[in-house]
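Read off the chains here:
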Amino acid sequence: MPGGSPSKRAVAPAPVLPGQNTSAAKLTGVPSKVGFFTVTATAVDNNGVEILDSYGRPIAERFTIQVIPVELSLQAKPASQTVTVGSPIANACLETGAGYSAKDVTFDPKSLPNGVTYDPTSGCLTGTPTEAGRYEVVFRLADEPSKESVSTTVVFEVEAEKVTSVPTEPTTSEPTT
C-alpha cells in the first residue's frame, strides 16, 4: 500500500485553496428539545460531494451540543425604594430565568438616578443618588429566537436632603449702664 492508501482505491484529497475558509459553515435553527445531542459535521465540496481523506474516509468532526431549558422571566428585588439624596440605595438586584444572565438584560442607563450604576456581572444596582426625583428604570430581557420578551421596573423615590435646624439657646440682652 504505497502512501498508506487502501489497496484498489486511489483517493486524492480535495484541494483547499489559499485563503479558503473551511470553517464558514454554520449550524442554525431553534431547538425544540432540551438535552445533549451529538452532531457530525462532514466536509463537502461545492457540489455537495463528501471530501475524503487519504484513506478514503469522509473528513468529519463529531461534537456534542447541550440545549439547556430557558425560562423567560425577570424580577427585581427590591422593586422600589425611597432614599434621601446623599444616602446609598439598598442594592437592587435582578434575577433572570434559567438560561439567561444579568448580561442579557437591556435598559436605558439615562433613566438611572445620577450616582447609581448597574453591574451586568452581578445584576445589581448600587450607588448614592445625587439628585432628588422619581426614577423609573425599565429592564428588559428578550429571547431572540422566539421574539418574546419580559420586563420589570425598579422605582427610586429620591427625596431632597432633610435640613434640620439646630436649636439655639435664647440670648438675653441685659441693659448696660
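The rules behind the values
Residues numbered from 1 in each chain as written. Predicted model: local features only at pLDDT ≥ 70, side-chain atom pairs only at ≥ 80, totals over all residues. Heavy atoms only, no water. Helix = DSSP H or I, 4+ residues; strand = E, 2+ residues; numbered from the N terminus. Buried < 20%, exposed > 50% of the residue type's maximum accessible area, 1.4 Å probe, protein only. Contact = heavy atoms within 4.5 Å. Areas by Shrake-Rupley, 256 points an atom, 1.4 Å probe, with all protein chains shown as cover. Salt bridge = Lys/Arg side-chain N within 4 Å of Asp/Glu carboxyl O. Pairing = 2+ DSSP bridges.

*Asks:* A description of the overall build of the chain should follow, citing residues and the corresponding values.
*Replies:* Counting its secondary structure elements, the chain contains 0 helices and 10 strands. When the helices and strands of the chain are read in sequence order from the N terminus, they spell out β-β-β-β-β-β-β-β-β-β. For the chain, with 177 residues in total, the buried portion stands at 21%. Taking the intrachain contacts of the chain between residues at least 6 apart in sequence as the baseline, contacts between residues at least 24 apart amount to 55%. Of the roughly 13000 Å² of accessible surface on the chain, a fraction of 53% belongs to carbon and sulfur atoms.

*Asks:* Which residues make up the pattern of salt bridges, and what are the values?
*Replies:* Under the criterion given, the structure shown has 4 salt bridges. Note that D53 and R57 form a salt bridge whose closest N and O atoms lie 3.2 Å from each other. Note on D53: relative accessible area 18%, which makes it buried. Across the salt bridge formed by R134 and E136, the nearest N and O atoms sit 3.0 Å from each other. By sharing partners, the salt bridges in this structure join R134, E136 and E157 into a single network.

*Asks:* Give a description of the pairing of strand β8 (residues 124-127) that names residues and reports values.
*Replies:* In the sheet, strand β5 (residues 92-96) pairs with β8 via 2 bridges, with the strands oriented antiparallel. Across the sheet, A92 pairs through a bridge with L125, a residue of β8. The sheet contact formed by strand β7 (residues 116-119) and β8 spans 4 bridges and is antiparallel. Paired with Y118 across the strands is L125, a residue of β8. Where β7 folds back on β8, the antiparallel hairpin that results is connected by 4 residues, among which G123 adopts a positive phi of roughly 80°.

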